[in-house]
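Structure at a glance
This is what each chain is made of:
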Amino acid sequence: MDGCLGHRGFRLPRPEVYTPVELAVIDDQIKIEALKKNATEKYGEIPLDIVYIYRSKPTLGVAIEGGANTRQPLPKVITVQPGGSAYESGGLRVGHVILEVNGQPAVGLSHMDVARLIAEAFKNKSNDRMELLVTEWSDTLLDTIKVDIGLLKV
């Protein structure tokens, strides 16, 4: 006879207990879905993505262009420098438009204010990562986005 009472392959079911890592992943997935839902209500039906940048290097390594009252009214990533935290974290690409930084809107801010918002979020030591809500740049994005950008001079 093989096994207990002649049964083969008897296994106890896995209890519904998750490891701390599994719980963190589940929490992140729930948070991302909620963020995307709220952002869709705010910005309209545009492709949205959440990018996490971990403070793995002393510099962020991102250059942006645009902001309110410029020819490019939405802040757009123009460079992701190798060796910076943004490059090491992956996810952020040239052409991404930054809509929010750690939940703070970047749309409607001047270039200097967006740069300051990003720099302060990166320097903030209370969190080991910064969260960017981004979308892909397209020529029709300004027509599609539902945010009131009436203050912006296009």
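From a predicted model like this one, the values you see are computed outputs, not experimental measurements. (Residues numbered from 1 in each chain as written. Predicted model: local features only at pLDDT ≥ 70, side-chain atom pairs only at ≥ 80, totals over all residues. Heavy atoms only, no water.)

**Observations regarding helix α3 (residues 111–123)**
- Here α3 contains 13 residues, and its C-alpha end-to-end distance of 18 Å stays within 8% of the 18 Å for a straight helix at 1.5 Å per residue.
- Residues Val114, Leu117, Ile118, Ala121 and Phe122 constitute the buried set of α3. The buried residues of α3 all sit within an arc of 130° when viewed along its axis, so they share a single face. Pointing more than 90 degrees away from the buried face of α3 are the exposed residues Met112 and Lys123.
- The elements touched by buried residues of α3 are β2 (62–65), α2 (85–89), β4 (96–101), β5 (104–105) and β6 (129–136). (Helix = DSSP H or I, 4+ residues; strand = E, 2+ residues; numbered from the N terminus. Expected span 1.5 Å × (residues − 1). Buried < 20%, exposed > 50% of the residue type's maximum accessible area, 1.4 Å probe, protein only. Arc of directions from axis to C-beta. Contact = heavy atoms within 4.5 Å.)

**A closer look at the side chain of Gln72**
- Counting through the fold element by element, Gln72 comes out in the loop between β2 and β3 (76–80).
- Gln72 sits in the buried class, given a relative accessible area of 13%.
- Among the polar contacts listed, one links the side chain of Gln72 to the backbone oxygen of Leu74, at a separation of 2.8 Å. (Polar contact = N/O pair within 3.5 Å; in protein donor to acceptor, adjacent residues only side chain to side chain.)

**Side note on the environment of Ile64**
- In this structure, Ile64 sits in strand β2.
- Each C-alpha atom, one on Ile64 and one on Lys76, is 5.3 Å from the other, the two residues being 12 residues apart in sequence.

**Some thoughts on the packing of aromatic side chains**
- Inspection of the entire model under this criterion finds 0 aromatic pairs.
- The cationic tip of Arg55 hangs over the ring face of Phe122; the distance from NZ or CZ to the ring centre is 5.7 Å.
- Above the ring of Tyr52, the side-chain terminus of Arg129 is found at 3.8 Å from the ring centroid. (Phe/Tyr/Trp six-rings, centres within 6.5 Å; stacked < 30°, edge-to-face > 60°. Lys NZ or Arg CZ within 6 Å of the ring centre and 35° of its normal.)

**Considering the pattern of salt bridges**
- Evaluated as defined, the whole model comprises 6 salt bridges.
- Residue Arg129 pairs with Asp28 through a salt bridge whose shortest N-O separation is 3.1 Å. Residue Arg129 is found in strand β6, and its partner Asp28 is found in helix α1 (residues 20–43); the two are separated by 101 residues along the sequence.
- The exposure class assigned to Arg129 is buried, which follows from its relative accessible area of 15%.
- The exposure class of Asp28 is partly exposed, given its relative accessible area of 24%.
- For Asp113, the salt bridge goes to Arg116, with nearest N and O atoms at 2.8 Å. Taken together, the positions of Asp113 and Arg116, both in helix α3 and 3 residues apart, correspond to about one turn of that helix. (Salt bridge = Lys/Arg side-chain N within 4 Å of Asp/Glu carboxyl O.)

**A few points about the nonpolar core**
- If you look at the biggest cluster of nonpolar residues, it comprises 19 residues, and the most contacted ones within it are Ile53, Leu92, Ile98, Val101, Ile118, Met130 and Leu132.
- Secondary structure elements with two or more residues in this core: β1 (49–54), β3, β4, α3 and β6.
- Per-element tally for this core: the top contributor is α3, with 5 residues. (Core = buried A, V, L, I, M, F, W, Y, C linked by side-chain atoms within 4.5 Å.)

**Re the confidence of the model for the protein**
- When pLDDT is averaged along the protein, the result is 85, and 84% of the positions lie at 70 or above.
- Predicted confidence in the protein is weakest over helix α4 (residues 141–144), with a mean pLDDT of 74, and strongest over β3, with 97. (pLDDT = per-residue confidence, 0-100.)

**Concerning α1**
- Between the first and last C-alpha of α1 there are 34 Å, a value that for 24 residues agrees with the 34 Å anticipated at 1.5 Å per step.
- Taken as a whole, α1 has its buried residues at Ile32, Ala39 and Tyr43.
- Against the buried residues of α1 lie β1, β4, β5, β6 and α4.

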